[in-house]
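Observations on chain architecture
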Amino acid sequence: MEGLIAALGAGPALELLALSPPGWGGNLLRGLANSIQIALGAFGLGLLIGTLGAYGKLYGGPVTRDLLAVYTTVVRAVPELILILILYFAVTDAVNQTLVSFGYDRVQVSGIAAGIAVLGIVQGAYATEVLRGAILAVPAGQIEAARAMGMPPVMLARRITLPAMLSFAIPGLANLWLIATKDTALLAVVGFGELTLETKQAAGATKAYFTFFMAAGILYLAVSLVSGRIFGRIEAWARRGEPNVGGGGR
Amino acid sequence: MKAYLVPHRVVMIALAVGLVIWCAVSMRWDWLPQYAPLMLEGIWRTIWILVVTVVLGMALAIPLGLAQAVGPWYLAGPARLFCTVIRGTPLLLQLWLLYYGLGSLFPQFPWIRQSELWPYLRQAWPYAVLALTLSFAGYEGEIMRGAFKGVPRGQLEAAKAMGMPRFTTLRRIWLPQAVQRALPTLGGETVLQLKATPLVATITVMDIYAVSSRVRQDTFIIYEPLLLLAVVYMVITGIIVLAFRQLEKRVPAQVV
């Protein structure tokens with residue numbers, strides 16, 4: 001095995017990727033952990049905003065609807081990188097000005113919190129559209145039946161709308177999750193130590209650009225392949241009990 | 001026009017106009033005349049990169065989609081792998097891999113340094129165009145695969161029955177119908193591509209985003225350049241959406 005590695009000339013590359021300090025593998029994995037943490041947080045926040053937004057767009061008053069239309073249009077038309085910068089500066093400023101006005105000292109907003117907030121707002125706009133479409137796909141008769149039984153709105157959402165729309169929403173949400181994992185790379189531009197930035201630093205320090213960028217690429221690819229599997233499982237679970245429509249009677 | 005004359009919308013539009021006027025009056029715009037030529041140049045470069053990468057990427061996506069849809073396994077496999085890798089890794093990483101990786105590899109070979117291409121290979125934009133083209137081809141190749149598969153078999157069988165050569169079938173029947181199917185998503189993909197262009201600023205290409213960063217660094221004004229930048233991108237997005245709407249209108253309706 002070692003002879004094979006040496007024959008391929010991969011020995012130095014593996015040494016560079018070792019987990020303990022002379023190698024940079026540990027830094028990459030720490031960056032990956034940060035990336036996944038932010039992606040999870042942003043995806044969760046996006047789901048929350050998306051659910052509220054979808055309900056607002058479908059059942060809200062005219063003003064709510066128009067405001068939500070402006071939100072989703074603007075977020076989808078402006079590059080994420082610029083939104084990240086604007087929101088990053090604006091969120092930091094807003095937090096500090098609130099703190100100062102209450103007589104506290106200024107604080108440095110942590111990179112993780114800012115990253116989650118910013119990407120969450122971006123994800124929220126896309127999630128609003130995905131969930132709105134999914135809620136519309138729920139047969140209207142089921143919702144009307146629940147109303148006719150006198151179910152209060154929150155219980156209706158919890159028991160009927162949300163479970164029934166899940167199978168329609170999962171493919172879109174899986175796509176959003178992949179976008180979230182890849183968008184974390186943009187935080188490298190504002191100097192947050194996620195996988196891409198750690199990779200660039202490691203590559204810059206050792207001049208082994210190909211080794212590190214390839215390694216990071218494999219890590220990202222592994223994340224997307226594994227999450228594809230997981231979402232496949234979740235979709236099968238969300239579709240349990242549904243008749244197989246696309247099967248054509250087979 | 002009538003849809004905008006509802007009372008709550010009139011109030012909201014008035015508020016928005018008020019906000020814009022407030023921005024114009026109370027924020028600092030004195031840097032604008034000095035940087036205007038640079039910004040126009042940046043906008044031009046952004047649009048140029050967008051158009052070139054969309055056209056080249058589309059040209060690459062057609063064989064990719066065709067290979068995945070009907071190709072033999074030795075073509076379909078690599079095409080699928082390419083699309084998976086491109087779609088599974090962040091564009092920023094691909095861009096940096098090409099720019100720093102290839103950029104550090106090329107100078108080691110004397111024959112590259114002596115070649116005619118070397119003046120271009122030393123600049124950043126070829127790497128930006130390459131990375132964005134490959135990325136667009138990866139996403140669009142997947143869409144074209146579905147579009148090629150979606151063309152009804154009867155159309156192709158009819159062409160075959162008429163004795164049409166395979167390439168003519170592709171050119172006259174298969175490709176036009178596939179592109180027609182892909183057209184609605186193509187508009188969305190072009191907007192996504194526009195939103196990916198500011199990444200090229202990280203490898204020193206002076207697009208509109210890089211110009212606004214420079215204004216920020218030179219003058220320490222934070223919000224104004226960013227807001228202007230957001231408006232510029234929104235205008236370009238609007239133009240793309242309108243252009244594709246016109247294009248879709250001109251293409252005849254879906255053949256069933």
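Attention here is on the structure that accompanies the text. A quick note: this is a predicted structure, and the numbers were derived from the prediction, not measured. (Residues numbered from 1 in each chain as written. Chains lettered and ligands numbered in written order. Predicted model: local features only at pLDDT ≥ 70, side-chain atom pairs only at ≥ 80, totals over all residues.)

Details of the overall build of chain A
Applicable threshold: The way it works is that DSSP assigns letters per residue, a run of H or I at least four long becomes a helix, a run of E at least two long becomes a strand, and they are numbered from the N terminus. Partly exposed residues are those falling between the two cut-offs: more than 12 but fewer than 20 other C-beta atoms within 10 Å of their own, whereas 20 or more means buried and 12 or fewer means exposed, with C-beta atoms placed from the backbone. Contact definition: two residues whose C-beta atoms, as placed from backbone geometry, lie within 7 Å.
Tallying secondary structure elements over chain A gives ten helices and zero strands in all. Each helix (α) and strand (β) of chain A, taken in turn from the N terminus, gives the series α-α-α-α-α-α-α-α-α-α. Among the 250 residues that make up chain A, the fraction classed as buried is 34%. Looking at chain A alone, contacts between residues at least 24 apart form 74% of all its contacts between residues at least 6 apart.

Topic: the nonpolar core
Put simply, the test is: Only buried residues count toward a nonpolar core: Ala, Val, Leu, Ile, Met, Phe, Trp, Tyr and Cys, linked into one set through C-beta atoms within 7 Å.
If you look at the biggest cluster of nonpolar residues, it comprises 106 residues, and the most contacted ones within it are Leu-176 and Phe-212 of chain A together with Leu-92 of chain B. Per-element tally for this core: the top contributor is helix H6 (residues 111-137) of chain A, with twelve residues.

Structural notes on the packing of helix H4 (residues 62-77) of chain A against H6 of chain A
All names here are of chain A. Condition: Fitted lines through C-alpha atoms give the axes, limited to the stretch in contact for helices. The angle between two N-to-C directions lies from 0 to 180 degrees. Each crossing is labelled by how the near helix is turned from the far one, with a counterclockwise turn of less than a right angle marking it left-handed and a clockwise turn marking it right-handed. Amino acids outside the nonpolar list (Ala, Val, Leu, Ile, Met, Phe, Trp, Tyr, Cys, Pro) and the charged list (Asp, Glu, Lys, Arg) are all regarded as polar, and Gly is one of them.
Axis separation between H4 and H6 bottoms out at 9 Å; the angle between their running directions is 115 degrees. The hand of the H4/H6 crossing is left-handed. For the pair H4 and H6, the contacting residues are Leu-68, Tyr-71, Thr-72, Val-75 and Arg-76 in the first and Val-122, Ala-125, Thr-128 and Glu-129 in the second. The residue inventory of the contact of H4 with H6, partitioned by class, reads five nonpolar, two polar and two charged.

Side note on the interface of chain A and chain B
Interface extent is often summarised as the accessible area lost during association of the parts. With 30 residues of chain A in contact, the opposing surface of chain B contributes 26 residues. Elements with a minimum of two residues in the side of chain A that touches chain B: H4, helix H5 (80-101), helix H9 (195-206) and helix H10 (209-238) of chain A. By residue number, the principal contributor to the side of chain A that touches chain B is H10 of chain A, which donates nine residues. Looking at the side of chain A that touches chain B residue by residue, the classes come out as 22 nonpolar, three polar and five charged.

So, helix H9 (residues 166-196) of chain B
Keep this limit in mind: One less than the residue count of a helix, multiplied by 1.5 Å, gives the span that helix is expected to have. Two axes enter the bend calculation: one fitted to the seven residues ending at the residue in question, the other to the seven starting there, and the bend is the angle between them.
Across its 31 residues, H9 of chain B extends only 37 Å between first and last C-alpha, which sits more than 12% below the 45 Å expected from 1.5 Å per residue. For H9 of chain B, the principal kink sits at Leu-183 of chain B and spans about 55 degrees; a proline, Pro-184 of chain B, occurs within the next four residues. Buried within H9 of chain B are the following residues: Trp-174, Ala-178, Arg-181, Ala-182, Leu-186, Thr-190, Gln-193, Leu-194, Lys-195 and Ala-196 of chain B. Check the buried side of H9 of chain B and you find it contacts H5 of chain A together with helix H2 (32-70), helix H4 (91-105), helix H7 (125-150), helix H8 (153-161) and helix H11 (223-250) of chain B.

As for the packing of helix H3 (residues 25-59) of chain A against H10 of chain A
To describe two helices that pack against each other, one gives the angle between their axes and the distance between the axes. Residues and elements named next belong to chain A. Two numbers describe how H3 lies on H10: the axes approach to 11 Å, and their chain directions differ by 35 degrees. Every pair of crossing elements has a handedness; the one defined by H3 and H10 is right-handed. Facing H3, whose interface residues are Leu-28, Leu-32 and Ile-36, H10 presents Ala-215, Ala-216, Leu-219 and Val-223. Each residue belonging to the contact of H3 with H10 can be placed in one class, and the counts come to seven nonpolar, no polar and no charged.

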